[in-house]
Structures are given as C-alpha cells and as structure tokens.
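Now for the letters of each chain:
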Amino acid sequence: MSNLFTRFQQGFPANRQQACIINPDDSVISYGDVQRLSSQMAHYFVGLGLQPGDRIAVQVAKSPMALLVYLAALRAGLIYLPLNTAYTDAEMTYFIADAQPSLLLCSPPRQQALQAVLTEAGSDALLEVLDEQGQGDWLAQLPALLGEFVDVPCEADDIAAILYTSGTTGQPKGAMLSHGNLAANAYTLKAMWGFTADDVLLHALPIFHVHGLFVACHCVLAAGASMQFLASFDLDKVMAALPKATVMMGVPTFYTRLLAEQRFNAEQCRNIRVFISGSAPLLASTHQQFAERTGHKILERYGMTETGMLISNPLQGERRAGTIGWPLPEVLVRIVDEQQLPLASGEIGSIQVKGANVFKGYWRKPEKTAQEFTCDGYFITGDQGYCSDDGYISIVGRAKDMVISGGYNVYPKEVELVLDAIKGVQESAVIGLPHADLGEMVAAAVVMDAAADAALDETELIAQTRKKLAAYKVPKKIFFVDALPRNTMAKVQKNSLREQFTHAV
Ligand code: MLC
Ligand code: AMP
C-alpha cells in the first residue's frame, strides 16, 4: 500500500493538460497543476517543520486551492482535519484542544477570532489564511519551492484524515481514517459507479465532510476525471453547469430543490449518465418525481463518516426507490436483533458492518471506539433497517438520537446541553420534524423555570444558542411546554413530542 496521493497519481491522465477542476468561469486546474501545486504546498508544510502524523486543521471556504491543501497534506503524510465553516469559536476551541494541530488554515475574516481560539485551547499552532478565491500570503512563497515532492511512504494503517462527528453524549469524536480506508472505498466506488477519465462530476457539496471530500473527489481523482467545481449549491449555477456534466452527486435537498424549480428539465440533463444521492434518506416520491421529470432514476447509496460508503443501488440493474441497494463489494453487512443474532429478510434490526473501509477508531478515545464495535469486530452503525428477499436494504430508522438536516447531522444532546445551560431554562428536548426542503429540521421543546426572565422568548433562546453552535444545529422552532413527556423510567418520550409538534410547523 502506498500513500493515497501516490496511488491516485498513478491513474492521472497521461496528458497532464487535462482538466481536473473546472471553475464556473471555465478556467481550469489541470492534472499537471494539481501535481505541481500540491508538490509545492507539501514542500511548504515540511519547510514549516510539520512532520508525518502532525495535524493540519482547515476551516476555509471551498475553493480549488482548499482541495489542493488536502492533497498536499496526503503527500506529506500529514493528518488532514477539515472543519465545517459554520463552526463557532466555542466549537472550534474543542476541536483544536482535542486534535492539537500544528497548523490551522482559516478564512481571513476569522483570523483574529481563531487566534483567540488557539490561545483558549492552549495551542501554539501556526495560523495562516486562505480566502474564498484560494489566495493567501503564504501561497506567494510557493513558486520558489521547486522540484517534485517525494510523497511520504505510508502504511495502509497510517491516518490520512480526522473527521469529527458528534455523538449521543454530545461530545464530538474524531474519526481516524487511514490511507488504506480511503483507498479501499475510492476504488470500489470508482468501479461500482463506472467512473472513467471521460466523466465530469458536478461538485456542489462542501468539502469538509465525507460526501464532498472523499466520495465525490476521490471518484474523480481515482479515475483521472474532471469536476465542475461550485463553491456551494447555488441553484442557478447548478443548472448552468448541469449540461456540461456526466455525473451529479448530492444530498436529497439538492434534488428536491431542482424539482421545485420549474425551469429544470430533461434537456439540461442530456449529458448526465447518473445522479447519485446520499447522506440522508431520499423520499421514494422524490425518486419517482425525478424520474418522471428527467428520465433518470437517482442512484441512492448509504454510508457514514466512520466507514465511508457501505451500501449502494446498482449502476446497472434496478435502482429501487426507498432502498439503499446492496452491500458494496468487500463490505460485510449484517442486520441483527438485540441479542446480536442475524435476522431473516424482512425483519428490522441493527445494521453492523465490517471491511477495509471501516475506520481505525476515534482519536484518543479508545473506550468510545470499543463501545462502537461488537466483540467480533463489526462496527455498529446506529441505523436500523431490513433486507428484502432479493437483497435490497432499506433504512427505516435510527437507534441513535440524531437529526439529519439538509445532509448535516445534528445530535440533539449537543443542542440540549447548550439550551439547558441558559439561565432560566429548566430542561429541553431536541427533536427532528419533517421539513420539505431540508428533510428534517431541528426543533426544541423547552421547559422554563417559573422565575425565568419574560424576555427569554423563542427569538432570544435561538439567538443565545447561535452564539455557541453552528447555525445548522440551531433550532428553527422552539415550543414552550410545562413538562417533558416521560415514560416510567423517566426517559423523555421524543416520539410523543414529534407526534405533538409535527403539524405545528
Ligand atoms: C444551511 N443552513 C442550514 C443548513 N444549511 N440549516 C439547517 N440545515 C442545513 N443543512 C442555514 C444557514 O445556517 C443559514 O442560516 C441559512 O440556512 C442559509 O444558509 P445557506 O448557506 O444559504 O444555505 P443553503 O445554501 O440553503 O444550504 C443548504 C444545503 C447545504 C442543503 C445546500 O446545507 C448543503 O450543502 N448541505 C450538504 C451537507 C453535506 O455535505 N452532508 C454530507 C455529510 S457526510 P441563517 O439563519 O444564518 O440564515 C455524510 C456521510 C454520507 O453524511 O453518507 O454522505
Ligand atoms: P455522518 O455521521 O455525517 O457520516 O452521517 C451518517 C449517517 O447518515 C448514517 O448513519 C445514516 O443515518 C445517514 N445516511 C447516510 N446515507 C443515508 C441514506 N441514503 N439514507 C438514509 N440515511 C442515510
């Protein structure tokens, strides 16, 4: 096993002029540019004194240069730590203190605040900026750094990236993904979804999560293909880029937004060979409406940060609405009951998985890692599903208490801890409610102290929560209740809250 970048590079097109990244203005970063710029950046990081295994944390706007930082980190054997641009200072302080990066790259407007975050987290990491155009002072030094960087050799087990996922306890955990994990998944997906050098992927996802960074970019890099690279999901820009693309990947919200747009039609999709959806459930009705409008059956797949992709509908063969398809090759999937016994087809149980794609564990949290694996080495996904007689798996719910809003996961405990810490709040329960655009929206039921300040209304609670939490985690609606419904074991009955408030939004 080699360094993941070295492996990608072996498949880069012989003609290095070929486009890897295509900007909305049609300017291009060629494969030659990818090689040269990532080489210079890797030289630069090593010149700063960074050594294999050091962390490089990144909270920057999406740009081709930001992606090249990731590739340079791979080359230099550094551990890449992408962070959602929505994370607040409080959230960043936790990640920095936990991951202890040697270098933090941030957007210019965040520089001052993040310098304070580093101090607060007791970190002496270097701080550099990268703006949304992919510019930063440090980049001016790159042209002097000549000579092809020799990629740091890696074992399959060496960590390539840490991606934080929150948890049912409310404390985020860093999932350690190795070069071997990422390679296994990249080449499986390339083969299963039929990526070739002729493909052009429409890339409108953020590049700080598994979907946009690994699933999307790795398919392109492994195949020597190209991507139309948009800074975010902007409907007009997506529609303009669609005719130039052969594949589109997205969360279900991308597809519902396209369907809601009257100008969206089959003609714009004339060059697309497959639309792929994941990160959240795609409603069967969305699948059907999309097929009616465009003639394309969306290929739905399923995965997680800790595991990469696990289960997918087929490229050739029936893509069945409301299902996530079959286990990918080399991925072992089993559905078990509470006694860990395998279930027959049609029976609902816990989904557990094993394979070369499954992560090494949580960063510096061996006990948490142990809790998420069975004694025979299967990872417990926390999702519940069943398998049909002919092998199609469907997700029917989550054992873990989690809301998926527009493809972002929100762990209620994390939000409840913030709400409960507000003076005047007695207790709270955070739930997901159906939302036409985002799939689910975050909402909270809150019990106030009898003596709470009357000014502490919905707007004020939302404003206070927003200071601590990324905006997508902040409840969009707050319901004031006299008491939370509890069962005889005193556990909050979130189902009953969901039933009560589903039609209130
Ligand atoms: C943005 N906002 C959201 C939100 N996204 N609120 C709830 N849920 C979301 N997903 C808020 C912003 O904070 C802002 O609030 C307001 O909505 C408008 O912001 P925006 O940036 O203009 O939003 P928009 O462009 O509409 O973004 C929606 C979106 C985006 C769906 C396009 O969230 C997105 O790209 N989601 C993809 C997430 C993703 O990549 N998931 C993969 C995770 S990996 P305010 O109040 O400040 O105005 C994974 C594994 C796997 O799950 O299987 O793939
Ligand atoms: P993350 O922790 O961000 O990696 O999110 C992983 C979770 O997203 C999974 O455990 C599922 O709950 C959910 N998920 C991903 N893909 C799908 C899908 N196609 N259908 C339903 N849920 C999905």
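Numbering of residues starts from 1 in each chain and follows the order in which that chain's sequence is written. Throughout, the order in which chains and ligands are written sets their labels, letters from A for the former and numbers from 1 for the latter. Thresholds applied to this predicted model are a pLDDT of at least 70 for local features of residues and 80 or more for the giving and counting of side-chain atom pairs; totals over whole chains, interfaces and linings are not thresholded and use all residues. Based on all heavy atoms of the structure, the side-chain values leave hydrogens and waters out of the count.

S.K.: What am I meant to see in the pairing of strand E7 (residues 159-165) here?
M.R.: Consecutive side chains along a regular strand alternate between the two faces of the sheet. Extensive coverage of E7 is indicated by the burial of seven of its seven residues. Judged from the six bridges that link them, E7 and strand E8 (residues 173-178) form a sheet pairing that is antiparallel. Within the sheet, the bridge partner assigned to Thr 165 lies in E8 and is Lys 173. Residue exposure (1.4 Å probe, protein chains only): buried if accessible area is under 20% of the type maximum, exposed if over 50%, otherwise partly exposed. Strands here are runs of E lasting at least two residues and helices are runs of H or I lasting at least four, both read from the DSSP assignment and numbered beginning at the N terminus. Strand pairing is assigned whenever DSSP identifies at least 2 bridges connecting the two strands.

S.K.: I tried to follow the site of ligand 2 on my own but got confused; where do I start?
M.R.: We call a residue near a given molecule or strand whenever any one of its heavy atoms falls within 4 Å of it. Taken together, 15 residues form the shell around ligand 2, and within it Arg 301, Thr 305, Asp 383, Lys 400 and Asn 409 come nearest. Polar contacts, as counted here, are pairs of nitrogen or oxygen atoms within 3.5 Å of one another; within protein the pair requires one atom able to donate a hydrogen and one able to accept it, and residues that are adjacent in sequence qualify only if both atoms are side-chain atoms. A distance of 3.2 Å separates a nitrogen atom of ligand 2 from a polar backbone atom of Ser 279. Here an oxygen atom of ligand 2 sits 2.6 Å away from a polar atom, N or O, in the side chain of Lys 400.

S.K.: When you look at helix H6 (residues 179-192) in this model, what are you seeing that I'm missing?
M.R.: An α-helical turn contains 3.6 residues, so a residue and the one three or four places further along point in the same direction. Helix span, expected: 1.5 Å multiplied by one less than the number of residues in the helix. Over its 14 residues, H6 extends 20 Å from the first C-alpha to the last, a length consistent with the 20 Å expected when each residue adds 1.5 Å. Turning to H6, its buried residues are His 179, Gly 180, Asn 181, Leu 182, Ala 183, Asn 185, Ala 186, Thr 188 and Leu 189. Buried positions along H6 lie against helix H1 (4-10), helix H3 (64-75), E7, E8, helix H7 (210-223) and strand E14 (308-312). Contacts are residue-level and defined by heavy atoms, with any inter-residue pair within 4.5 Å sufficient.

S.K.: Looking at this structure, how should I read the packing of aromatic side chains?
M.R.: Describing an aromatic ring pair means giving the distance of the ring centres and the angle of the ring planes. Side-chain rings of Phe, Tyr and Trp, where Trp is taken by its six-membered ring, are said to pair if the distance between their centres is within 6.5 Å; with planes under 30 degrees apart they count as stacked, over 60 as edge-to-face, and otherwise as tilted. A full pass over the atoms with the stated rule returns 25 aromatic pairs. Here Phe 359 and Tyr 362 contribute two aromatic rings whose centre-to-centre distance is 4.9 Å and whose plane-to-plane angle is 70°, an arrangement assigned as edge-to-face. Each member of the pair, Phe 359 as well as Tyr 362, carries the same accessibility label: buried. Among the aromatic residues, those joined into a cluster by ring pairs are Tyr 87, Tyr 94, Phe 95 and Tyr 164. Two conditions define a charge sitting above a ring: the NZ of Lys or the CZ of Arg must be within 6 Å of the ring centre, and it must be within 35 degrees of the ring normal. Over the aromatic face of Tyr 362 sits the side chain of Lys 173, whose NZ or CZ is 4.5 Å from the ring centroid.

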